[in-house]
Amino acid sequence: MSDAPDTNSQANTMWGGRFAAGPDAIMEAINASIGYDQRLAPQDIEGSRAHAAMLARQGILTDKDAEVIREGLLTVLSEIEAGSFNFSTALEDIHMNVEARLKEIVGEPAGRLHTARSRNDQVATDFRLWVRDQCDAVMEGLLALQNALLDQAEAGADWVMPGFTHLQTAQPVTWGHHMMAYVEMFGRDRSRFAGARARMNESPLGAAALAGTSFPIDREATAAALGFDRPMANSLDAVSDRDFALEFLSSATICAMHLSRMAEELVIWSSAQFRFVSLSDRFSTGSSIMPQKKNPDAAELIRAKIGRILGANVALLTVMKGLPLAYSKDMQEDKEQVFDAADNLMLALAAMTGMVGDMTANRESLEAAASSGFSTATDLADWLVRELNMPFRDAHHVTGTLVGMAEAKQCDLPDLSLEDMQSVHAEITDAVYGVLGVHNSVASRTSYGGTAPVQVLAQIERWREQLS
């Protein structure tokens, strides 16, 4: 006969006398969440320790029982961290697993821990604490990525490269300017996670099942003990709300989209046709059949992460959209997609940070590409407006005619002779050649936020100060 506890009996004990028979295997499988919510163990135990301490201060528990409970919970946590804890699906979730093990360790006082709370406010607190921790982790990951981008920007603040619209050569920009665009994008991501964190930093603990409790609890004390700014003001909202998880997923989706856009550029830039960058071997793979290949697999996988993170966002929105107040079992489906999205976002951030830190920009290829594709056509049009007082629409037409001429001659704009240019507009002088070089072009873009190296260096300095 086995010494192992009867898990169905345990489950029935936890439920009380209302349920005489244990659930069958199908009900147990669909009802249990311990397979994934065991990740909430540290938060569950932290919340329970704060709750027990508050109950003792309020005279609801004896100091002795509270201390026994708090020490017993640390023992449970150490077993979980050591990998020796036996998780039971019959006990459904992390809360009942922890409480059952606590009872085995400390006996009768364990049954007093759940005074003045419900699993509804307990899970809402645990999950909120976990998501808050993830916001902090993502913000740290974004900070590391921004610093890697700043290093790249500073190294190539005056390196010219083509700027694109529609993936067609548009105007010359600087490598530093392009890198700083992503610093700005990921800065907005950090602010979104910071804003979400600030809004979620209210404690549901003490809301109980949905209506609060008749016990004289101190919700301000437990909120402070858990690092929350305040308790949530409405008990129905406290157990019903999953906005914090949705905000995390929404912010994660936008961040993953930004990572995907940058990953796409790295895939293009590292191709043999572009050769703008070389990715390190650490973030590339070879081909099983083509020995010349160096594939940007890390970038491609980052590009794909948006699919599952966006999917998680849509999934949770769909779960929540039709739920009445307060708690419904549907809300058990709130965690797996958040866990998965958080894991994959952190992995994508780490991989992108590594790639950006390791990659080498090919200055010669960047400059050669910047000088092709009539990239200084806008500079020519601007010169016609500025020097010849020509209306911009007329200047646009003249420039377009000159571009057509250069195409026919299979050369670039600076290669046209002055005689060629004057055949289109007689007042053009040889001073025009001063604006047709790509270095002159980028140096002239000195407006705030422009691509001129002086502006790029100013933005780098601003961000260095902001992130320090």
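As the structure is a computational prediction, the values presented were derived from the model and not from experiment.

## A closer look at the overall build of the protein chain
The helix and strand tally for the protein chain stands at 19 helices and 6 strands. For a compact globule of 468 residues, the expected C-alpha radius of gyration is about 23 Å, and the protein chain comes in at 31 Å, more than 25% above that figure. Referenced to the eigenvectors of the C-alpha coordinate spread, the extents of the protein chain come out at roughly 100 × 55 × 40 Å. For the protein chain, long-range pairs separated by at least 24 residues make up 74% of all intrachain contacts whose partners lie at least 6 apart in sequence. Roughly 21700 Å² of accessible area belongs to the protein chain as shown, and the carbon and sulfur atoms make up 53% of that amount.

## A look at a nonpolar patch on the surface
A cluster of nonpolar side chains, contributed by Leu210, Leu236 and Leu325, occupies part of the molecular surface with about 270 Å² of accessible area. If you trace the backbone, leucine 210 turns up in the loop between strand E3 (202–203) and helix H9 (219–225). By relative accessible area, which is 40% here, leucine 210 ends up partly exposed.

## Observations regarding the pattern of salt bridges
A full pass over the atoms with the stated rule returns 25 salt bridges. Ionic pairing is found between glutamate 104 and arginine 101, a salt bridge with its closest N-O pair at 3.0 Å. Of this pair, glutamate 104 and arginine 101 both sit in helix H6 (residues 94–106), 3 residues apart, roughly one helical turn. Relative accessible area serves as the criterion here: at 46%, glutamate 104 is assigned to the partly exposed category. A relative accessible area of 24% places arginine 101 in the partly exposed class. Overlapping salt bridges, with partners in common, bring together Glu92, Asp93, Arg119 and Lys329 in one network.

## Digging into the state of the cysteines
Throughout the structure, instances matching the rule amount to 0 disulfides. In this structure cysteine 135 is a free cysteine whose sulfur lies 11 Å from that of cysteine 255, the closest cysteine sulfur available.

## So, the side chain of arginine 242
As for its position among the elements, arginine 242 is in the loop between helix H10 (235–240) and helix H11 (243–269). For arginine 242, a relative accessible area of 1% translates into the label buried. Apart from the residues lying within four places of it in its own chain, the contact partners of arginine 242 are Val123, Ala124, Phe127, Met320, Tyr327, Met331 and Asp334.

## Re unusual backbone geometry
In this structure, alanine 326 follows leucine 325 across a cis peptide bond, with omega equal to 10°. Mapped onto the secondary structure, alanine 326 falls in the loop between helix H12 (297–320) and helix H13 (336–358). Unlike most non-glycine residues, leucine 167 shows phi in positive territory, near 60°. Of note, leucine 167 is situated in the loop between strand E1 (160–165) and strand E2 (168–174). Residue classification places leucine 167 among the exposed positions, given a relative accessible area of 53%. Unusually for a residue other than glycine, glutamine 410 sits at a positive phi of about 55°. Glutamine 410 gets classed as exposed once you look at its relative accessible area, which sits at 76%.

## Some remarks on the confidence of the model for the protein chain
Model confidence for the protein chain is summarised by a mean pLDDT of 91, while 93% of its residues fall at 70 or above. Counted against residues more than four places away or in other chains, residues 1–5, with its pLDDT under 50, gives 2 contacts.

## Some points on the nonpolar core
Trp175, Phe193, Leu259 and Met352 are the most contacted members of the largest nonpolar core, which totals 100 residues. In terms of residue count, the dominant contributor to this core is H11 (15 residues). Filtering out sequence-adjacent residues up to four positions away, leucine 259 remains in contact with Leu145, Phe186, Ile302, Leu345, Ala348, Leu349 and Met352.

## Considering H11
Structurally, the α-helix is built with 3.6 residues per turn, so residues lying three or four positions apart point the same way. Compared with the 39 Å implied by 1.5 Å per residue over 27 residues, the 39 Å span of H11 between its first and last C-alpha is a close match. For H11, a buried count of 19 out of 27 residues is recorded, marking the element as mostly surrounded by other parts of the structure.

Calculation criteria
Residues numbered from 1 in each chain as written. Predicted model: local features only at pLDDT ≥ 70, side-chain atom pairs only at ≥ 80, totals over all residues. Heavy atoms only, no water. Helix = DSSP H or I, 4+ residues; strand = E, 2+ residues; numbered from the N terminus. Rg over C-alpha atoms; globule rule 2.2 N^0.38 Å. Contact = heavy atoms within 4.5 Å. Areas by Shrake-Rupley, 256 points an atom, 1.4 Å probe, with all protein chains shown as cover. Patch = residues over 30% accessible without salt bridge, like charges linked within 9 Å, V, L, I, M, F, W, Y side chains within 5 Å. Salt bridge = Lys/Arg side-chain N within 4 Å of Asp/Glu carboxyl O. Buried < 20%, exposed > 50% of the residue type's maximum accessible area, 1.4 Å probe, protein only. Disulfide = S-S within 2.5 Å. pLDDT = per-residue confidence, 0-100. Core = buried A, V, L, I, M, F, W, Y, C linked by side-chain atoms within 4.5 Å. Expected span 1.5 Å × (residues − 1).

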